[in-house]
Amino acid sequence: MPHLAEQSRFTLGGTTITYLPDGYGAHHPDTMMPGVDWAAHPGSLADSLLVLTFGAFLVRTGDQNILVDLALGEMDVDIPGVARLKGGELLRSLAAEGLSADDIDTVVYTHLHLDHVGWTSDVAPVPNGPRTRTPTGLTFARARHLMAQDEWRYWSARTGELGGPDADVVLKPLEGVVEFIGGGDTIAPGVTVEDTSGHTPGHLAVVVRDPSGAGRESVFLAGDIFHAPVEIADPNLSFSSDVDPDRAKAVRDRVLERPDTVIAAGHFPHGVFGRAVPTGDTYTWTTVDGSPSSR
Ligand SMILES: [Zn+2]
């Protein structure tokens, strides 16, 4: 069992952002990030594998419970040459916050890769897996489900692509439910979205500020702008699933230059809340102590 990010939280005034673990992926590093000199980045691999944590962020504003992304879902699969993927903890992580699925008001998808949509319906989208059940509904049945229209369009035209959202258990249950949002839109007081397309054509980041206006700091929920701390040390690297690598890199540069920003990087196994600290002509990822929760 690799080291995984713990349930942890960061608070801005009356708003709390909590990382809810679901599971992990142990990836073959040269498949996911070709051309990296891993010897120059000691500590990036565990037993020669690139480990990513999978989870969701819960944003509690006082009167709204917002989930950003829906993690991997209930599965334990090996994709030969690519990764072992294991998930299934999300609802237990949510319960540790005293909440059930029906307490979620809004779901926001940063994008629709398979490790961000797993709990969409009540059937997990196991890649290449046999489909023994059809979904009976959405996991977060009371919630609005929000994403960028470009993201929906892109994946609706590419069903069956490995790494994308399953057509039967993710896209279909969202038909007629999904609502589209775009850069600059507000989800709740202090919670807005930003267009960060590049990793995928409709990738969004969610930006959280203290709604009272006190303090300059914001928390930037980065989706898959970053997959691993090595991309902060060397933002020129590209990840194999970047749909438009040049745009993805431009977005990474833009995020690294943001002042007063805590980045919420949901795949980082040694802590998901941190800052990119300028170091010479590059950056160093420094985790901030989101206060660990009891589990
Ligand atoms: Zn991801």
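Further up the page is the structure itself.
Reading the values: the criteria
- Residues numbered from 1 in each chain as written.
- Predicted model: local features only at pLDDT ≥ 70, side-chain atom pairs only at ≥ 80, totals over all residues.
- Helix = DSSP H or I, 4+ residues; strand = E, 2+ residues; numbered from the N terminus.
- Expected span 1.5 Å × (residues − 1).
- Buried ≥ 20, exposed ≤ 12 C-beta atoms within 10 Å, placed from the backbone.
- Arc of directions from axis to C-beta.
- Contact = placed C-beta atoms within 7 Å.
- Pairing = 2+ DSSP bridges.
- Axes fitted to C-alpha atoms, helices over the stretch in contact; angles between N-to-C directions.

Caption draft 1: Layout of helix α6 (residues 245–256). Over its 12 residues, α6 runs 16 Å from end to end, which matches the ideal 16 Å to within 8%, given 1.5 Å per residue. Listed in full, the buried residues belonging to α6 are Ala-248, Val-251, Arg-252 and Val-255. Around the axis of α6, the buried residues are gathered within 105° of arc, so they sit on the same side. The exposed set on the far side of α6, more than 90 degrees from its buried face, consists of Asp-246 and Asp-253. Where α6 is buried, its residues touch β13 (218–221), α5 (230–233) and β14 (261–264).

Caption draft 2: Representation of helix α4 (residues 167–174) in the model. For α4, the complete set of buried residues consists of Val-169, Val-170, Leu-171, Pro-173 and Leu-174. Buried positions along α4 lie against β8 (144–147) and α3 (149–156). Gly-176 sits one or two positions beyond α4 and adopts a positive phi of about 80°.

Caption draft 3: Just the pairing of strand β12 (residues 204–209), in detail. Most of β12 sits inside the fold, with five of its six residues counted as buried. Bridging between strand β11 (residues 191–195) and β12 involves five bridges; their strand directions are antiparallel. Each residue of the ladder has a partner; that of Val-191, found in β12, is Val-208. When β12 meets β13, the two strands line up antiparallel, connected through four bridges. By the bridge assignment for β13, Val-208 is matched with Val-219.

Caption draft 4: Up close: the sheet that holds strand β16 (residues 282–287). Read across the open sheet, the seven strands follow the order β10-β11-β12-β13-β14-β15-β16; overall the sheet is mixed. A single partner strand is all that each edge strand has here, and the edge strands are β10 (186–188) and β16. Ignoring which end each strand starts from, the neighbouring axes of this sheet average 35° apart. With two bridges connecting them, β10 and β11 associate as antiparallel partners. Bridge pairing links Ala-188 to Val-191 in β11.

Caption draft 5: Main features of the environment of Glu-6. One can find Glu-6 in the segment before β1 (8–12). For Glu-6, a count of 16 C-beta atoms within 10 Å translates into the label partly exposed. A C-alpha to C-alpha distance of 21 Å links Glu-6 and Ile-225, two positions 219 residues apart in sequence.

Caption draft 6: Quick look at the pairing of β16. Relative to β16, strand β15 (residues 273–279) is paired through six bridges, and the arrangement is antiparallel. Residue pairing for β16: Thr-279 is matched across the bridge by Thr-282.

Caption draft 7: Structural detail: the environment of Ala-26. Its location among the elements puts Ala-26 in strand β2 (residues 15–27). Overall, the presence of 19 C-beta atoms within 10 Å leaves Ala-26 in the partly exposed class. Residues contacting Ala-26, with those up to four places away along its chain left out, are Pro-2, Leu-49, Val-51, Ala-83 and Arg-84.

Caption draft 8: The arrangement of unusual backbone geometry in detail. The phi torsion at Ser-48 lies on the positive side, around 70°, for a residue other than glycine. Note on placement: Ser-48 falls in the loop between α1 (29–32) and β3 (50–60). Look at Asp-69: it is not a glycine, yet its phi comes out positive at around 75°. Assignment of secondary structure puts Asp-69 in the loop between β4 (65–68) and β5 (75–79). Residue class for Asp-69 comes out buried when judged on the 28 C-beta atoms lying within 10 Å of it.

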